[in-house]
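Coordinate inspection notes
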Amino acid sequence: MNDKERAELENLALQKVAEVSSAIDAARHVDEVICALHSLAALIFSVDSSLVSGAVDQRFKDQILSAKCATDSERGSFRNNFYYGSAFPTMARLLLFEVAPNWLTQFPKSVRSQIYDQFFLEGPSIGVLEELIPILNKKGSDKDPVHDKICSSVERLLVLCYLKKEGIRQMVIEFDLVEKQKGVAVKKDDKNSVSRVAQLLASIPDKIRPQASSKLSSFSFFKEATIQLIAGAEEKSMQLPSVCDTIEKDSPQNYAIFFVGETFSRIIRRGSTDIVVSEMVPRIYDLVKSLLLSYSNASLPSVMESTPKFWFWLYLVETMRDQYSIERLAEGILRQLASRAVTDTEAYWILWLLFNRSYNHTGTIRAMFVDKFILWKVFPVSCLRWILQYSIFEVAPTMEGHVKWQKPPHFVDTLQHLVTIWSKREFVQSSSVEQQAYLTAAVGLCLEKMSKQELETAKDVLSLILQGVSCRLESPIDLVRKMASAIALTFSKAVDPKNPLYLDDNHSDVVDWEFEVLTQKKVIITTSSRKQFINKPKTPLQEKSRENLGDKEAQKSILIEEISDKGVEEDEKDHDSDSSSDTSLEPYDLSDDDSDLNKTFTQLADIVAALRKPDDPDGVERALDAVEKLVRASPDELHHNSSDIVRALVHVRCADVAAEGEEESSEEKRHKALVSLLVTCPFESLDVVTKLLYSSSVDISQRILIIDVMTEAALELSETKIITKEQQRKGNLITSTSQPWFRPGDRGPVGAGPWREVSGPGTSMLQNWSHQYERELPSRPGQRKLGKTRKWSAANSKDLQQEWSKNRFPMYAAAFMLPAMQGFDKKRHGVDLLNRDFVVLGKLIYMLGVCMKCIAMHPEASALAPALLDMIRSRDVSHHPEAYVRRSVLFAASCILVALHPSYVASALIEGNQDISTGLEWIRIYSLHVAESDPDTECASMAMNCLQLHSEIALETSRALESADRMKAQSRTLPSKLDNIIIPFANMN
């Protein structure tokens, strides 16, 4: 067909569209519209005229049946000129803007599918999409019925054309630079037009109305679109040249795959990566698995490049221009493969199939694998192995043993780059534990591939590894120390496989690079459980029962001594029997020779003297065995000797005096002895330990010991024992009768009922210090109604009979806390808590938090909370680079929230106490900051718990203030800053 004939057919098509438009404008009945549309439809595609005529009146049947129908050849030529010229866009607007809102609802369903839907179903998928989607962009009122009908028709056509008819798959096949279709040239001559079509397709879920079909929702539509795109691309790849390398990146033959890649990029950009990945991975996995069963690893690259069904997957990523989408796609594929538990070999070849061409030609793809996926992302360890195997080792796992593997030139450079970052102290401080474990695993897996000679030639790798191991061994976090042990073990195996270096007692020859962390207990904090604060750091020693602390441990020590003595006697007897004969020496009595050595200490002065003799380890050991039991017996001279005993216990070196293997037992005895001294003589002992805490004469281990025993002593002193009123009271305070003094008397008129306890108003929101009693009185003579109910208020006898607190810690709280908080930020000789000795600082803050928790709901908490708030609000403390200190700060802040009584907070606000209001507001702001930006996940979790506690105390405080409004006239005006405290989340925006 020449150009003249083509122009004539195009003019004819436009003329027919004009005739149909005129007929529709002049129509007064729906049958006239049907006849006009039928006259044009019969020229373009096959129409069942008998079916259409059966749906109209008799006067229009003859017109439909007598309409001219084109032959197949004529229909083909006219159809191509109609759809690929200017006639179809004109006809599409006529159908959508004139027929759809005014006449379509009156069409019978069979007629609508024949002469309305067919105009779109028979057209090219790309052209139809370009006509339908822009209509959805036009803004219209939600209450405009015309606009609603137009959009409804467009949405219905989208479902028909692209979901039911699989028009998306057809779009992939239609893309070519120049494709002759029945003599008409279809030109898609640049990538911009391809990208525009991909944008239109991916935007469908964004533009539909809320009441549109669920098939057009993001999940359903993108899932169906992905399936059709893959099917169309695989079909199109079979039409490509027989040699894969002959296809150029910008070749028109690549436009179909380019369209798929562009559409995938836009789907991924809209947050539906999992949909694309879930459809891609099973298909790729089946292809790769079938190849691995038939071919060797060495021949797989050539087989993939010569097999057409693999070409789409080879070119897909290369045609994607959006780097973010590629990154998200790669991340999703790795995680999907990990969930399917594929083998290392299968994963390697899947990555090779998808990313090899881009990896070799594009620097950003190489940087994505080598830098971003190792240094910035956190994947499962299996994914890390695949990333290293593909991008660093560059060899399939099964090929390393069969052939002599030559490391890539960039292998050592990459390892050195990873070790350089891993060894920095700033990385340990600023990165999350998960990120540290991930990079540690990457370094360790690379070290496993190194030999001693390669490590010696690698620049600075040895020194960097030693630096990274040493800084991690200093961390108080157990998982971080395990990372150091794992790297040290792997490095030692590379240097000398016969002499591995184990830094951990619970070591294994095979390193678990997953670094499994102990499961954290997740508990929901409710108002009723505020006093049971959770998620606190581990205590230095596990809590033990204080009731049997003295007797059981003393019995255990005595039993050990008896067994040891028996063992020594038996050894001596055996030695004597072996070294001498029965006749050479006569036996004699040695029973009292070691009487001085086995002497039991009964005086505290003797214990002090023994502890100060490091050259007598046996005496020190026996003193440690006896000191706790003697201290808990509380002799008269304890108050005079307690300070000397504390100093001696702090300075004694258990490692020097204890037998080999018994160091931990001696340390535990010293620990318990110090706790017993702090419990039995708090003031005298605290005066010594708080001075020693910042003294230059003790080292870091002794400072930690002091803080640990203070924590244990506070917990023991605060242990609440529940006793009944009868146990608490030896006798009646006022009268010897059984009637309690605080209840109303039984005297009254004859016929009066018994007293019963009732709850007063507001008891559900605040702690009630008094309850009310009432009883019914009989009516007076001649009075018909019942008498009034009299109420008597007294202390809550029920609660007093149930429990009585034996918490002895509040009276000593100030002595525990205030001296320890003084001078913590001063740098002295051998003391630097804010920097070098951060472990001591973290334990100190934790101890102060425990002390606040031990005085919860006591008046002392209100007095000591401002001082602790001032300490933790210091920027050097709250924003400390070490996560261990920040965890302690959050724990202490949570303890403050638990300890403060809501009624005190309300009173402080009414009185204008800025210290409390400012401190509580700082806790809220600081917790929000940590929860949003702290790299340590444990800190973020503790911050969320802290926010929850803050909201609970704010709610209870607001209720207390509501009850105080009744006395507002007699009270001072509430401060303006009150609103910021009552509603803790008011400023979150």
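Right, let's walk through the structure included here. (Residues numbered from 1 in each chain as written. Predicted model: local features only at pLDDT ≥ 70, side-chain atom pairs only at ≥ 80, totals over all residues. Heavy atoms only, no water.)

**Focus on the packing of aromatic side chains**
Any two aromatic rings considered together are summarised by their centre-to-centre distance and by the angle between their planes. In total, this model carries 25 aromatic pairs according to the counting rule given. Their ring planes at 55° and their centres at 6.0 Å tell us that Tyr 116 and Phe 120 sit as a pair that is tilted. The residues Tyr 116 and Phe 120 share a single accessibility class, namely buried. Here the aromatic rings of Phe 355 and Phe 369 are separated by 5.4 Å at their centres, their planes lie at 75°, and the arrangement is edge-to-face. Within this pair, whereas Phe 355 is found in helix 20 (residues 344-361), its partner Phe 369 is found in helix 21 (residues 363-376), the two being separated by 14 residues in sequence. One exposure class covers both Phe 355 and Phe 369, and it is buried. Members of the aromatic cluster, connected to one another through ring pairs, are Tyr 348, Trp 349, Trp 352, Phe 355, Tyr 359, Phe 369, Phe 373, Phe 379, Tyr 390 and Tyr 438. (Phe/Tyr/Trp six-rings, centres within 6.5 Å; stacked < 30°, edge-to-face > 60°. Buried < 20%, exposed > 50% of the residue type's maximum accessible area, 1.4 Å probe, protein only. Helix = DSSP H or I, 4+ residues; strand = E, 2+ residues; numbered from the N terminus.)

**Notes on the environment of Ser 862**
The residue Ser 862 is located in helix 41 (residues 859-873) in this model. What makes Ser 862 buried here is its relative accessible area of 11%. Sequence separation of Ser 862 and Ala 908 is 46 residues, and the distance between their C-alpha atoms is 9.5 Å. Non-local contacts of Ser 862, meaning those with residues more than four positions away in its chain, are made with Leu 900 and Tyr 904. (Contact = heavy atoms within 4.5 Å.)

**Quick look at the pattern of salt bridges**
Summed over the entire model, instances satisfying the criterion amount to 41 salt bridges. The shortest N-O distance in the salt bridge between Arg 283 and Glu 279 comes to 3.1 Å. Here Glu 279 and Arg 283 lie together in helix 16 (residues 273-294), a separation of four residues that amounts to about one turn. Exposure remark for Arg 283: the relative accessible area of 29% places this residue in the partly exposed category. (Salt bridge = Lys/Arg side-chain N within 4 Å of Asp/Glu carboxyl O.)

**Overview of unusual backbone geometry**
The residue Glu 166 is not glycine, and still its phi comes out positive at about 60°. Tracing the backbone shows Glu 166 in the loop between helix 10 (145-164) and helix 11 (167-174). Taking the relative accessible area as the measure of exposure, Glu 166 reaches 34% and is therefore partly exposed. The phi dihedral of Ala 341 falls on the positive side, at around 55°, and the residue is not glycine. Looking at the secondary structure, you find Ala 341 in the loop between helix 19 (323-340) and helix 20. Judged by relative accessible area, which is 62%, Ala 341 ranks as exposed.

**Some remarks on the side chain of Ser 718**
Inspection of the secondary structure assignment puts Ser 718 in the loop between helix 36 (700-717) and helix 37 (725-728). You can call Ser 718 buried: its relative accessible area is 11%. A distance of 3.1 Å separates a polar atom in the side chain of Ser 718 from the backbone oxygen of Leu 715. (Polar contact = N/O pair within 3.5 Å; in protein donor to acceptor, adjacent residues only side chain to side chain.)

**Here's the deal with the packing of helix 14 (residues 218-237) against helix 15 (residues 255-269)**
Closest axis-to-axis distance for the helix 14/helix 15 pair is 10 Å, and the angle between their directions is 160°. Regarding the angle of helix 14 to helix 15, the classification is roughly antiparallel. Where helix 14 crosses over helix 15, the handedness of that crossing is left-handed. Only Ala 256, Phe 259, Val 260, Thr 263, Phe 264 and Ile 267 of helix 15 make contact with helix 14, whose side of the interface consists of Phe 222, Thr 226, Leu 229, Ile 230, Ala 233 and Lys 236. When grouped by side-chain class, the residues that make up the contact of helix 14 with helix 15 number nine nonpolar, two polar and one charged. (Axes fitted to C-alpha atoms, helices over the stretch in contact; angles between N-to-C directions. Parallel < 35°, antiparallel > 145°, perpendicular 65-115°, else oblique. Left-handed = near helix turned anticlockwise from the far one by under 90°. Nonpolar A, V, L, I, M, F, W, Y, C, P; charged D, E, K, R; others polar.)

**A word on the nonpolar core**
Side chains of nonpolar character tend, in soluble globular proteins, to be buried together. Membership of the largest hydrophobic core comes to 184 residues, with the highest contact counts inside it found for Phe 82, Phe 107, Phe 120 and Met 280. Excluding residues that lie within four positions of it along the chain, Phe 107 makes contacts with Val 30, Val 33, Ile 34, Leu 37, Val 99, Arg 112 and Ile 115. Core analysis: the second largest hydrophobic core is formed by 113 residues, Ala 820, Ile 872, Leu 900 and Ala 943 among them. (Core = buried A, V, L, I, M, F, W, Y, C linked by side-chain atoms within 4.5 Å.)

**A short note on a nonpolar patch on the surface**
Taken together, the side chains of Leu 473, Leu 501 and Leu 503 make up a nonpolar region of the molecular surface, amounting to roughly 240 Å² of accessible area. With respect to the helices and strands, the residue Leu 473 is situated in helix 27 (residues 461-473). Accessibility expressed as a relative area gives 40% for Leu 473, which makes it partly exposed. (Patch = residues over 30% accessible without salt bridge, like charges linked within 9 Å, V, L, I, M, F, W, Y side chains within 5 Å. Areas by Shrake-Rupley, 256 points an atom, 1.4 Å probe, with all protein chains shown as cover.)

**Overview of helix 10**
Over its 20 residues, helix 10 extends 27 Å from the first C-alpha to the last, a length consistent with the 28 Å expected when each residue adds 1.5 Å. Regarding helix 10, its N-cap is Asp 144, as a side-chain oxygen of that residue lies 3.2 Å from the backbone nitrogen of Val 146 further along. Positive backbone phi, at 60°, marks Glu 166, one or two positions downstream of helix 10. (Expected span 1.5 Å × (residues − 1).)

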